[in-house]
Amino acid sequence: MYSNGFEAVHGLDLHIADGELLVIVGPSGCGKTTVLRMIAGHEFVTSGKIRIGDDVVNDISPRDRDIAMVFQNYALYPQMTVAQNIGFPLRMKNVAKHEIDERVKEAAKVLGITEWLERKPAQLSGGQRQRVAMGRAIVREPRAFLMDEPLSNLDAKLRVQMRAEVARVQKRIGVAALYVTHDQTEAMTLGDRVAVLRSGVLQQCDIPQVLYDRPANTFVAGFIGSPAMNLLEAGLAADLSSLSLGTQKIALPDGVHLRHPDLMRYRGRRIVVGIRPEDLPAAGEGRLGEVLTGEVELVEALGSELLIHFRTDAPLVRAEDRGQAGEAPAVRPGEASAPVGCIARVDPRQPARPGDRFMFSVSPDHLEFFDLESGLAIWG
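Just so it is clear, the model here is predicted, and its values are computed rather than measured.

Chemist: Looking at this model, I keep getting lost on the confidence of the model for the protein. Mind explaining?
Modeler: Do not read the predicted coordinates in detail wherever pLDDT is low. Summarising the model, the protein shows a mean pLDDT of 87, and 91% of its residues fall at 70 or more. Mean pLDDT in the protein bottoms out at helix 9 (residues 254–259), which sits at 82, and peaks at strand 12 (residues 270–275), which reaches 97. Under a pLDDT of 50 for its full length, residues 321–340 has, in the predicted model, 60 contacts with residues more than four places off or in other chains.

As structure tokens, then:
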């Protein structure tokens, strides 16, 4: 909590195992970097305990916590060579020169930067500088790594390459690592587990596929996945046989109720239905009740796939990213989440133009259900 009374992080409880890479992801201002700074010792912790191994480190100075940090701005010394930059933390600890040389060479070998050791940072590309920054962290042989959006300054293609590099190096050295990013694609591809933060409150923490397949609330559903999950207000029939999406109906087989037993409590009520874009392929011989028709507003041809932006008469719902910290994510019935409404990912050979009426196939097995007021998933 800050002096003005603002509480940036609320009751966060996370454990990172040895050799695990845990990613914290969330929108700007959600508290990600604050968590990192508290662990590093650069922010005061007003309640709770931070443990590294068996040691409580709340009152230990940052330099004595045995943590290595990798930043987004590299923070390299321009007047030093790559070897000198990597070995700098060891020189500050008065490590013997021959040991420094050995550890620098080993870190350089791990990162594949041996041939750059005599260069200056100005002679390196952005990706090469980031590897040097990682080398400086590795050479310390710390108890844990903290990474604060280390790839955000790189171009898109290089970020993809460096994601694989970060994961490879972290697994090779086998040290617990906490990685902070606002990029959910980066989080999903890097993390052994991913923690989703919103307004300082942990929303869900699990392996990436579980976050994608079983989001705990509308916020996680809308944040994880690109394009985002479509969220629509729907009416659940009193006999649980169908969903009303505007003037259209989707039949619900008995199997849906078995996977979501708590739907029984929502009979005859309004709920939120979530549909991933890839679960809306173009309809072929779809049976009645398994087709959703929409008006095409925009078509994005991406070569390997077609993204169709379309509208139906079902009210759109979006996860509300404001409100009081600690509250369950709220939703606003009927409020559009994007100017063009829903998105479907279909085969690129499908003919579609703005203004067309397009039929999409809907599999009830791939639907997610949420409470309209709280935004919480309906599972059971």
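Chemist: Looking at this structure, I do not really get the pattern of salt bridges. What am I missing?
Modeler: Charged atoms that come close allow side chains of opposite charge to pair. This structure, assessed with the given rule, holds 16 salt bridges. The salt bridge involving R103 is made with E99; its shortest N-O contact spans 2.9 Å. Of this pair, R103 and E99 both sit in helix 3 (residues 97–111), separated by four residues, roughly a single helical turn. Judged by relative accessible area, R103 falls into the buried class, the value being 16%. Given the relative accessible area of 32%, E99 is considered partly exposed. Several salt bridges converge on common partners, so that one network encompasses E99, R103 and E141.

Chemist: Would you explain the pairing of strand 5 (residues 144–148) in this entry?
Modeler: A regular strand places its side chains so that they alternate between the two faces of the sheet. Most of strand 5 is tucked away: five of the five residues are buried. The two faces of strand 5 match: A144, L146 and D148 on one face and F145 and M147 on the other face are all buried. Note that strand 5 and strand 6 (residues 176–181) share five bridges and pair parallel. Paired with M147 across the two strands is Y179, which belongs to strand 6. Following the chain from strand 5 across helix 5 (residues 156–173) to the adjacent parallel strand 6, one finds a crossover that is right-handed.

Definitions and limits used
Residues numbered from 1 in each chain as written. Predicted model: local features only at pLDDT ≥ 70, side-chain atom pairs only at ≥ 80, totals over all residues. Heavy atoms only, no water. pLDDT = per-residue confidence, 0-100. Helix = DSSP H or I, 4+ residues; strand = E, 2+ residues; numbered from the N terminus. Contact = heavy atoms within 4.5 Å. Salt bridge = Lys/Arg side-chain N within 4 Å of Asp/Glu carboxyl O. Buried < 20%, exposed > 50% of the residue type's maximum accessible area, 1.4 Å probe, protein only. Pairing = 2+ DSSP bridges. Right-handed = clockwise from strand over helix to strand, strands pointing away.

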